[in-house]
Amino acid sequence: MSQQRTIEIAGALCVQRGTQMLQAFADAITIANHQNIDIYNPDSGEGYQRAPVTARVRKAARYYDDKQGRMPNPLLINIRKKDMDEQKVAVVVDVDQAGYENAVLQGGNWIGTGRIGFTEDLELWIYDGQHRAGGLNQLLGDHEGYENFPVPISLTLGLDPGEEMREFYEVNTNAAPVKTDLAWQLLTKMAEDDPELREMLAAEDRDWVTRAYAVVDELEKLDGPWRGCFQEANRRKTRGDGVTIPKPQFARSLKPVLDMPSFKRADAATVAVVINAYWTGIRMVMPEPFEEASDFVLQKGSGAVALHRVLPQVIEVVRSAGGRLGQPEGYAEVMRELPTLEGESVDNDGQRSIRSGADFWRVGSVASGFSGDAGRRRLSLLIQSRLPSPAETIQL
């Protein structure tokens, strides 16, 4: 370890399947001075945590200050492998040094006590508990007397960022779930570099999640109705940004398409071309909802879910008519009756009117009433009633 001043933390030391871990308490100022959080950046794709929510940080600060709250649950923290390799950390074992070292080398288990010492420039990466830590940080900045507040920590030594990300994912999906948008993004990111995880997802019939995200990524590259419409994790929607639907909601809507036998093994770029052609065909027969997409539900949850539920039938009709799946004209022909959908709508004054065409899909109009999974299923059946049957186009 370098000649900088060192900080020491003592506690229960263990080796769990070859990974060193320390269960201990550290004062709040030590955690504040060394903490870092690897926040997911939608532009670079790096990081893995949600951006901190200011309201949750303030709530934690109020709990520890106004309500004199305690912190019994530990922050989950990691000292990364590169810092271990650079010898910024020293581990001192109280008893049975040989047993400890053997467990580390052999990937075994060991329990004892000890302490770690680390340099002033070391980063402690918090992968669970960032809002509690943020609350203490706020109190340290606003009041005196919190520097010595004992913070329980569960400290792993030597995980690399990918392993750290996986621990974060497991903790937040098996205990208090992280929001779906980031959880699915992380699952996809982990599967890219982990063949065993990809095989496990395929065996459990969950690989459609990662395939769906890959399709969305490819769809964003194409010149079509969906370019610029997806809301990324950790990115707020702003007025006029063109975003109409969260990325995971659109990805989830693709499951009926990805479950089709012909698409089970298709690469993401191919499926994206089909999806793009389908929606371009819809735009050809009903352009208005695409011109001001935020004013219509066609490219929001209800529209995407319902229209993807009927896409397998549409594909069968296009195929049986001899059409090509990457050409919008075939879909436009099959969807030509879509503008004939109609229903009753009630405005803010209680006036009832029949809406059809683009107005059927306007926000607050008929299509907005098909909420929830049951409503979207009814909407898909209504769309299906306007489609030709594949049997009608079979050529013998």
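The coordinates are above.
Everything numeric here is computed off the predicted structure, so don't read it as measured data. (Residues numbered from 1 in each chain as written. Predicted model: local features only at pLDDT ≥ 70, side-chain atom pairs only at ≥ 80, totals over all residues. Heavy atoms only, no water.)

K.L.:
Explain the packing of aromatic side chains to me, please; I cannot follow it from the model alone.
P.N.:
Where two aromatic rings form a pair, the distance of their centres and the angle of their planes describe that pair. Applying the stated criterion to the full structure yields 12 aromatic pairs. Here the aromatic rings of tryptophan 226 and phenylalanine 230 are separated by 5.5 Å at their centres, their planes lie at 5°, and the arrangement is stacked. Classification of phenylalanine 230 by relative accessible area gives buried; the value is 5%. Through a chain of ring-to-ring contacts, three or more aromatic side chains come together here, namely Trp226, Phe230, Phe250, Tyr278, Trp279, Phe290 and Tyr331. Sitting over the ring of tryptophan 125, arginine 80 keeps its end group 3.6 Å from the ring centre. (Phe/Tyr/Trp six-rings, centres within 6.5 Å; stacked < 30°, edge-to-face > 60°. Buried < 20%, exposed > 50% of the residue type's maximum accessible area, 1.4 Å probe, protein only. Lys NZ or Arg CZ within 6 Å of the ring centre and 35° of its normal.)

K.L.:
Explain the environment of leucine 382 here, please?
P.N.:
In this fold, leucine 382 is placed in helix α16 (residues 372-384). When its relative accessible area of 26% is taken as the criterion, leucine 382 is described as partly exposed. Spatially, the C-alpha atoms of leucine 382 and leucine 341 are 7.8 Å apart, while their sequence positions differ by 41 residues. If near-sequence neighbours (up to four positions away) are discounted, leucine 382 is found in contact with Leu341, Phe360 and Phe370. (Helix = DSSP H or I, 4+ residues; strand = E, 2+ residues; numbered from the N terminus. Contact = heavy atoms within 4.5 Å.)

K.L.:
In this structure, what is going on with the pairing of strand β2 (residues 19-27)? I would like to understand it.
P.N.:
Every regular strand shows the same layout, with side chains that alternate between the two sheet faces. Strand direction decides the pairing type here: strand β1 (residues 6-16) and β2, joined by six bridges, are antiparallel. Of the residues in β2, the one forming a bridge with alanine 12 is glutamine 23. Counting the residues in the hairpin turn of β1 and β2 gives two residues, including arginine 17, whose phi is positive at 55°. In the sheet, β2 pairs with strand β8 (residues 150-157) via eight bridges, with the strands oriented antiparallel. Directly across from alanine 26, in β8, lies its bridge partner valine 151. (Pairing = 2+ DSSP bridges.)

K.L.:
Can you walk me through empty space enclosed by the protein in this structure?
P.N.:
Space left empty within the atom packing is revealed by a probe, the size of a water molecule, rolled over the atoms. Enumeration according to the criterion identifies one cavity of 30 Å³ or more in this entry. Roughly 30 Å³ of volume is contained in the largest cavity. Lining the largest cavity we find Ala28, Ile31, Ala32, Leu75, Ala133, Leu136, Asn137 and Val151. Mapped onto the lining of the largest cavity, the elements with two or more residues apiece are α1 (28-34) and α5 (130-142). (1 Å grid on protein atoms, 1.4 Å probe; cavity = no way out; pocket = protein on both sides within 12 Å on 5 of 7 lines; lining within 4 Å. Points joined across faces, edges and corners; volume = space filled by probe spheres on them.)

K.L.:
Can you walk me through the environment of glycine 303 in this structure?
P.N.:
Position of glycine 303 among the secondary structure elements: in helix α14 (residues 301-320). Excluding anything up to four places from it in sequence, glycine 303 contacts Trp279, Val297, Leu298 and Trp361.

K.L.:
It is not clear to me how helix α12 (residues 268-285) should be interpreted in this structure. Could you clarify?
P.N.:
Structural remark: α-helix, 3.6 residues per turn; residues separated by three or four positions point the same way. Relative to the 26 Å expected for 18 residues at 1.5 Å per residue, α12 spans 26 Å between its end C-alpha atoms, a close match to the ideal helical length. Within the span of α12, buried status applies to Ala268, Val271, Ala272, Val274, Ile275, Asn276, Ala277, Tyr278, Trp279, Thr280, Gly281 and Ile282. For α12, the elements touching its buried residues are α9 (207-221), α10 (247-253), α11 (255-258), α13 (288-291), α14 and α15 (328-334). (Expected span 1.5 Å × (residues − 1).)

K.L.:
I tried to follow the nonpolar core on my own but got confused; where do I start?
P.N.:
Side chains of a nonpolar character, in soluble globular proteins, are inclined to be buried together. Ranked by internal contacts, the top residues of the largest apolar core, which has 64 residues, are Phe250, Tyr278, Val314, Tyr331, Trp361 and Ile383. Once you skip the residues sitting within four places of it in the chain, phenylalanine 250 turns out to touch Val216, Leu219, Trp226, Phe230, Ile245, Ile275, Ala304 and His308. Counting 37 residues, the second largest nonpolar core, distinct from the first, contains Val89, Ile126, Leu140 and Tyr146. (Core = buried A, V, L, I, M, F, W, Y, C linked by side-chain atoms within 4.5 Å.)

K.L.:
Which parts of the structure should I look at to understand the pattern of salt bridges?
P.N.:
In a structure, side chains of opposite charge can pair up when their charged atoms sit close to one another. Summed over the entire model, instances satisfying the criterion amount to 22 salt bridges. When the shortest N-O distance is used, the salt bridge between aspartate 94 and arginine 115 registers 3.9 Å. Taken together, the residues aspartate 94 in the loop between β5 (89-93) and α4 (97-106) and arginine 115 in strand β6 (residues 110-119) connect sequence positions 21 residues apart. We note a salt bridge from lysine 264 to aspartate 259, for which the minimum N-O separation is 3.8 Å. Its relative accessible area of 35% is what places lysine 264 among the partly exposed residues. Linked through salt bridges whose partners overlap, the residues forming this network are Lys82, Asp83, Glu86, Lys88 and Asp121. (Salt bridge = Lys/Arg side-chain N within 4 Å of Asp/Glu carboxyl O.)

Read these as layout, nothing more, since geometry by itself doesn't imply function.
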